Amino acid sequence: MEIKQNEIEAQVSDYNPFEHRQVKKPNSDIRSLANLLKASLGTGILAIPLAFANSGWGVGIVGTVIIAFICAHCVDIFVTVSRNCCKAVRKPLLNYAETCEVAVAIGPKRLRPLASAARVFAEFSLLFTYIGVCCIFTVLIADSVKQLFDQYISGYILPVEYYCLILIIPLCLLVQIRYLKWLAPLSLTANILLVVTFLICLYYIFKDEIKVADKRVVGYPSRFPAFLSTVIFAMEGIGVVMPVENNMKKPEHFLGCPSVLSIAMTFIMILYAILGLFGYFRYGDDLKGSITLNLPLDSWPAICGKAFIAISIFLTYPLHFYVVLDVLTKYAEPIIKDKYKNFAQIFGRIIIVCFCGGIGIALPMLEQIINIVGAVFYSILGLIIPGVIETINRWDNLGKYNWVLWKNILIVLFGVCSLISGLIVTIFDIIENLNKRSG
């Protein structure tokens, strides 16, 4: 998006972006709430018990509440900045990357030449985040299928890497679906299966007496960065926040108290705390990257849960893949001739799936990939960028004693510390796992 100087200096007091939005089929508050919940209540929720195993149940509860508050606040300030930017350039709506560009373009004069760079950085942060999510999906499906095949298909015990390799073929076919509306039935099926899987997990958690005495209230300090990475990965849905807000019938209901955002984050916080707490009480330190991998293999509900989560993730894969393709298409399309565009679409989708599958084959460690994506990419998207962008947008009005500046410095430092510490711990975990496998 090109930001012209006369747009930057526009008088914005008389412009209301909500009045100029033309959304063909706007969503009600209830549907927007459902979309926001769906974005945050994905496969990440199944990894929350493992996060509590890393932190201890007492620290896990407190940490989940604090991180939920920080994530909700970052969404709030980013949406507020986006609305300010809409007024500044007199546009009805902006997406995530466009908000970053406009915020810098109308910010302090020294930063304005960096507007395009800010947009590119935001776009590629989204790109790498969802590439990471696709890698997680590949390994999670492979792990679930491997468990079932190892148990019930005798003579075919294969390493998880082989299942990642086999999955590439059906995934390459699935991602050839080019229009989001054609994915709607798949998404509906995936959501139903995810809910059923979640209920099955709760059944096994509460099926027998839960022992609390041997569970740690406070975990080992060295594992706390892994807790942060997992919770940030599970809770962050900022990549879909702007599409949800931009498609609301009454976008003014997205922020505030009560609001769509506050209700969604409160529900998510409570649900995560409950599942993390009792999931840890049930399985303790034996928890795996997804709690479904801890379900028994000699009971039909558990078998269905493992199969359902594999099918659900498989059907959800194209939606997250769409974000990756959307960013790459924007940069590749102008340099590809029209007669080659269809071939490029087919071949490009295959290359991306193979790339994500290749990472899964090289690093088939579900917990570690989740931690990397949470620590690095979601910390950047959900914490660091919102803190920086609000500071730039409010540079001329940082509040009494510059409290906005100091508050955002703390948010950015929290994001940077989560990024660095989570990445270091995960790298050591990967090295340790590789040594075990080679030994």
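For the structure, check the block above.
Before going into details, it helps to say that this report is about the structure given with it. (Residues numbered from 1 in each chain as written. Predicted model: local features only at pLDDT ≥ 70, side-chain atom pairs only at ≥ 80, totals over all residues. Heavy atoms only, no water.)

## Things to note about the side chain of D429
Then comes step 1: Of note, D429 is situated in helix 16 (residues 403-438).
Then comes step 2: Reaching out from D429, the side chain makes a polar contact with the side chain of R223 at a distance of 3.0 Å.
Then comes step 3: Aside from chain neighbours lying at most four places away, what touches D429 is R223 and Q368. (Helix = DSSP H or I, 4+ residues; strand = E, 2+ residues; numbered from the N terminus. Polar contact = N/O pair within 3.5 Å; in protein donor to acceptor, adjacent residues only side chain to side chain. Contact = heavy atoms within 4.5 Å.)

## A few points about the nonpolar core
Then comes step 1: Counting residues in each nonpolar core, the largest one holds 124 residues, and the members touching the most others are Y96, F254 and Y317.
Then comes step 2: It is helix 7 (residues 115-152) that provides the largest number of residues to this core, a total of 16 residues. (Core = buried A, V, L, I, M, F, W, Y, C linked by side-chain atoms within 4.5 Å. Buried < 20%, exposed > 50% of the residue type's maximum accessible area, 1.4 Å probe, protein only.)

## Points about the state of the cysteines
Then comes step 1: According to the stated counting rule, one finds zero disulfides in the structure shown.
Then comes step 2: With no disulfide of its own, C172 has C354 as its nearest cysteine by sulfur position, at a separation of 4.4 Å.
Then comes step 3: Given a relative accessible area of 11%, C172 falls into the buried group. (Disulfide = S-S within 2.5 Å.)

## Some points on helix 12 (residues 260-283)
Then comes step 1: With 24 residues, helix 12 extends 34 Å from end C-alpha to end C-alpha; this agrees with the ideal 34 Å at 1.5 Å per step.
Then comes step 2: Following helix 12 by one or two positions, G284 has its phi on the positive side, about 60°. (Expected span 1.5 Å × (residues − 1).)

## Considering the packing of helix 4 (residues 48-55) against helix 10 (residues 224-235)
Then comes step 1: Running from N to C, helix 4 and helix 10 cross one another at 160°; their axes reach a closest spacing of 8 Å. With respect to each other, helix 4 and helix 10 are oriented roughly antiparallel. Of the two elements, helix 4 crosses helix 10, and the hand of that crossing is left-handed. Counted together, I48, A51, F52, N54 and S55 of helix 4 and F224, A226, F227, T230, V231 and A234 of helix 10 form the full contact between these two elements.
Then comes step 2: Residue classes in the contact of helix 4 with helix 10 are distributed as eight nonpolar, three polar and no charged. (Axes fitted to C-alpha atoms, helices over the stretch in contact; angles between N-to-C directions. Parallel < 35°, antiparallel > 145°, perpendicular 65-115°, else oblique. Left-handed = near helix turned anticlockwise from the far one by under 90°. Nonpolar A, V, L, I, M, F, W, Y, C, P; charged D, E, K, R; others polar.)

## Examining the side chain of T316
Then comes step 1: Looking at where T316 falls in the secondary structure, it is placed in helix 13 (residues 300-332).
Then comes step 2: A relative accessible area of 17% means that T316 is categorised as buried.
Then comes step 3: Setting aside residues no more than four positions away along its own chain, T316 makes contact with F137 and A190.

## A short note on the layout of surface pockets
Then comes step 1: In this structure, the second largest pocket occupies an estimated 740 Å³ of space.
Then comes step 2: L287, K288, E367, Q368 and N433 are the residues nearest the centre of the second largest pocket, which is lined by 26 residues in total.
Then comes step 3: At the level of secondary structure, the elements contributing two or more residues to the lining of the second largest pocket comprise helix 4, helix 7, helix 15 (366-393) and helix 16.
Then comes step 4: In terms of residue count, helix 16 provides more of the lining of the second largest pocket than any other element does, five residues in total.
Then comes step 5: Classifying every residue of the lining of the second largest pocket by side-chain character gives nine nonpolar, five polar and twelve charged. (1 Å grid on protein atoms, 1.4 Å probe; cavity = no way out; pocket = protein on both sides within 12 Å on 5 of 7 lines; lining within 4 Å. Points joined across faces, edges and corners; volume = space filled by probe spheres on them.)

## Focus on the packing of aromatic side chains
Pairs of aromatic rings are described using the distance from one ring centre to the other and the angle between the two planes.
Then comes step 1: Taken as a whole and judged by the stated rule, the model has 15 aromatic pairs.
Then comes step 2: Note on W57 and F281: the rings are 5.8 Å apart at their centroids and 70° apart in plane angle, and the pair reads as edge-to-face. Here W57 is found in helix 5 (residues 57-89), whereas its partner F281 is found in helix 12, with 224 residues between them in sequence.
Then comes step 3: Accessibility expressed as a relative area gives 25% for W57, which makes it partly exposed.
Then comes step 4: Ring geometry for F233 versus Y378: centroids 5.8 Å apart, planes at 70°, classification edge-to-face. Of this pair, F233 sits in helix 10 while Y378 is found in helix 15, placing the two residues 145 residues apart along the sequence. This pair shows no difference in class: F233 is buried, exactly as Y378 is. (Phe/Tyr/Trp six-rings, centres within 6.5 Å; stacked < 30°, edge-to-face > 60°.)

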